[in-house]
Each structure stands twice: as C-alpha cells, then as structure tokens.
Amino acid sequence: MVRNIVVLGGNSHPKLIENICNNLGLPPCNRILNKFSGGESRLEIQDSVRGKDVYIIQSGAGKVNDHFVDLCIMISACKTGSAKKVTAVLPLFPYSRQPDIPYNKIGAPLAKTPSGPNKDFTFESRPVTPGPGQPQSQGLSNGMDNLHKKLGKTAHEQQNSPLYSPQMSNGITPKRTDTMDSLQSSGSGRSRESNYQQPAFTTHDDPSTHSKEARAVFKPKPGYKQWVAQAGTLVADLLTCAGADHIITMDLHDPQYQGFFDIPVDNLYGKFLLKRYILSNIPDFRSAIIVSPDAGGAKRATAIADDLNMEFALIHKERRPTRITDRQNATMMLVGDVADKVCILVDDLADTSNTITRAAKLLKKQGATRVYALLTHGVFSGDAIERINASALDKVIVTNSVPQDEHKAICPKLEVLEVGQVFAEAIRRVHHGESISALFWDT
C-alpha cells in the first residue's frame, strides 16, 4: 500500500481508475463530479488532499472537451486545497494530433484549396479594403511590368467611375486640404464645411452596407484561406496554468509535443505490451513480419522488429492529390516482401481505422496469410468498427487506454490489453522518486 497519496478519477474511464487503485492498494478519492442543468461542470472533493501527492486520471476519449475541462477544474481544486503536488495522468493525451495538419509548400497551412479554374488568388484583407470606387487587386503574378499595367488600368477605371469625385486625390481619400481638421484649422471664423462631402464608407464598413454601385465594384474572389489553429501549445498552457506539476501519458502521437510544456512529462511506452502479446499469442512469430502502415510510425515498428529479431516492411503513402480533401485517397505502396507470411501492423493510434484497413487490404493482395493490427490507442470513432468488421484484418489488438467495452461487444476481431498495471507502477515510482526508465529496461 502506498501512503500519502490520493488518486482522483474523472468520468472518462472509471474501469481503468478502479484497476489502477487495486494495483496500488488504495481506494479512489471520494468526489462528486457531474453537471448542472445548464451544462456547467460541478466538482466537490470530499476527502482531504492537504499536503498529499494527488494523481488525477482522465483519458482523452469520448467527450474530449468536457473531460478536458473537468480535468482542469480538478487540478485547480486540488491546488486550492493545498495539495503538495498534482500530477495529471492521461493515458490518451487529448489534442496530441493537432501538429499533424496539412501544410502548403509555401508555408501557410490551408484548410481549403481555391475553387474554379483560376488558380491565381490573393488573400483578402480583413476588414475589407475601403472604397467602393477602387476595384479589388488581382495580385502580382508577372512582376513589375504587370504591376504598372494594372495600376494604369485602375487609375483609368477610377476616373471613369460615377463614384469618383475630384475632391478625392486617389479616388478614395479626400485631399489633405479638404479634410475636416484642415478646414477647421485654416478657416479663421469662416465656415467651409459646405464644400466638404464626407465619404459614405469607413475603414470598417461591411460591403453589404454599400450601395448597389459599390457592391458591383466589389467582387471578392472565392478561396480565402483560413489559418488552421494548432491547439497543442494552448492545451499545454491550460494544464500548466490550472496548476499541474507533472504529466504522465502513453505513446504520444507526436513525441515533440513534450516540448510544449515547461513541466516534466513522462511518456510511457506501450510497445512492451505489444511485444508480450506477439511472444505469447502469435505462433512461430520469428517467421512473421512487422509492418508499419505509414512512414510516420516506421521508427516505432522497427524498434519492435529489432528487439524480436523479426523482418520489417513499410507501407508508403504516395500523397500527390490535387486537393487536400483527397488526402484519404492517396496511393499506398508496399516496400518489402510479405508473400506467404503473417503480417503484424503496428501503430500508435486508430481513429477512423482507414489507414490500417487499407493497409490490411494491400497486404492480403500481396500474398499475406494473416494480418494482425497492434495498436496502443483505439479511439474507433464514426464507422470505424463496421469498417474493421468488413476489412481483411484477422485480429485487432488494442490497450484499454480508451474504454473498449462497447467496441468489443460489436467487434469479434477486437482483443483488449490491460494498461492499468503499467500506470499504477509508474505512479508508484514517481511518488517514491524512482526511475521510470527502469520500467522498460528488460523489454
């Protein structure tokens, strides 16, 4: 039994919390965590946490945003209750895939490609460029010569526009000598306000409020590109500001995510559980082959293959689509020989299961006898379970970092590995100041 420690659980994975507490030999902290009728979270910690090490267990699955807010509230409540140290234990870290977004080669992350045959587009200003008498710029696609031509064309259009006034030197802004300030300062006792006509627009006017003639001039081109938000640093800052002193998680999708924190982050490895399954449940595993379903997981798969002295193959995605929305339909190419062999797909996370099901289809097409999929986190959102049932996969093995009871009931191919013992041992070692790396020395 571990003393001077409190295990506080959220609502995301009660079964895992119970398993961790059983391995540590202590009861979970009594608390009330529910929602008001208005949807706001309500937390009441019924046990004392003063001067104790508190470990808050909350996985990033299901209602991710609600569970994350509950986690921040629990961390803040423990710090307010004078806890000595607060450690957030997240078996599946939420938003850890946010850095993995499509980027344009120019450097700007694009959420949508331009529509229509015309590909030369510009980024429209926000707020919109003022002045109904000035047409929208078409961009500078051919250098300075094209710039001079377009400037001359714009000046000619301004002069012929019915909205053009001689009082406006450039068709938009009144002359300096005709502005309100200059009229008031230069006229000593004389009023010249009758000669001033204030423009019918401001810098922050919306084009929809302009006249019909103004709206006819303003014809914004489609395809304005939105910047894709990266919530990685924000999530790290929220946990730190809430009062977390330490983070424990397993198999981050992007290991560099640890750099977003200025507090210690322990990233546990799930590969030793997968290795143990291979050794115990796959007959003649030496003649099998480890396969990575994409280039990003090659390092993870090769580590297992090297430890078990097995062969390795890689599936490469040839991502050359014309539109970012076509990324799912990228061509898959196998690098390696899998004919008449048992294939073991190794990946860290399966969400829609599109990657592993397409990989299994390719492996069976290339002559594989059986295909296993070993995953650390099985989110299985949307129609992932139906896709797995209809796929060429023979068996899917996942850990219970995410609740799998509902998935297992409707998927006969699914097999679940327990990770409660791993997190319980990690909590015990952190509490006593022992090495976490020693957990994986013999694996």
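Residues numbered from 1 in each chain as written. Predicted model: local features only at pLDDT ≥ 70, side-chain atom pairs only at ≥ 80, totals over all residues. Heavy atoms only, no water.

A.B. asks: Is there a simple way to explain the sheet that holds strand E6 (residues 246–250) in this structure?
C.D. replies: The pairing of strands in a sheet comes from backbone hydrogen bonds and takes either a parallel or an antiparallel form. In spatial order, the strands read E1-E4-E5-E6-E7; together these five strands make up an open sheet with parallel pairing. The sheet is open, and its two edges are formed by strand E1 (5–9) and strand E7 (265–268), each paired on a single side. Here the strands of the sheet are splayed against their neighbours by 20° on average, with no regard to which way each runs. In terms of strand pairing, strand E5 (residues 85–90) meets E6 through four bridges, oriented parallel. Across the sheet, residue Thr87 finds its bridge partner in E6, namely His246. (Pairing = 2+ DSSP bridges. Helix = DSSP H or I, 4+ residues; strand = E, 2+ residues; numbered from the N terminus. Axes fitted to C-alpha atoms, helices over the stretch in contact; angles between N-to-C directions.)

A.B. asks: How should I be thinking about the nonpolar core in this particular structure?
C.D. replies: Among soluble globular proteins, nonpolar side chains are generally buried collectively. In terms of nonpolar packing, the biggest core is built from 45 residues, with Leu268, Ile278, Ile290 and Ile344 touching the most fellow members. Ranked by residue count, the leading element in this core is helix H12 (residues 420–432), at six residues. The residues contacting Ile344, other than those within four sequence positions of it, are Ile278, Ile282, Ala288, Ile289, Ile290, Val291, Met310, Tyr372 and Leu374. Core analysis: the next-biggest nonpolar cluster, separate from the first, contains 29 residues, Leu33, Phe68, Met74 and Phe261 among them. (Core = buried A, V, L, I, M, F, W, Y, C linked by side-chain atoms within 4.5 Å. Buried < 20%, exposed > 50% of the residue type's maximum accessible area, 1.4 Å probe, protein only. Contact = heavy atoms within 4.5 Å.)

A.B. asks: Whenever I open this one, the pairing of strand E3 (residues 41–45) confuses me. Can you help?
C.D. replies: In regular strands, side chains alternate between the two faces of the sheet. Judged from the five bridges that link them, strand E2 (residues 31–35) and E3 form a sheet pairing that is antiparallel. Paired with Lys35 across the two strands is Ser41, which belongs to E3. Linkage of E2 to E3, two consecutive antiparallel strands, is achieved through a turn of five residues, within which Gly39 is found at a positive phi near 100°.

A.B. asks: Sorry if this is basic, but what is going on with the sheet that holds strand E11 (residues 342–350) here?
C.D. replies: Read from one edge of the open sheet, seven strands run E10-E9-E8-E11-E12-E13-E14, paired in mixed fashion. Both outer strands of the open sheet, strand E10 (331–335) and strand E14 (414–417), are each paired with one neighbouring strand and no more. Ignoring strand direction, the axes of neighbouring strands in this sheet form an average angle of 25°. In terms of strand pairing, strand E12 (residues 370–378) meets strand E13 (residues 395–399) through three bridges, oriented parallel. Looking at the pairing, Tyr372 lines up with Lys395 of E13.

A.B. asks: Is there a simple way to think about the pairing of E1 in this case?
C.D. replies: With respect to burial, E1 is a largely interior element, five of its five residues being buried. Side chains of E1 alternate between two faces, with Ile5, Val7 and Gly9 and Val6 and Leu8 buried alike. Across five bridges, E1 lies against strand E4 (residues 53–57) in parallel orientation. The residue bridging Leu8 from the neighbouring strand is Ile56, located in E4.

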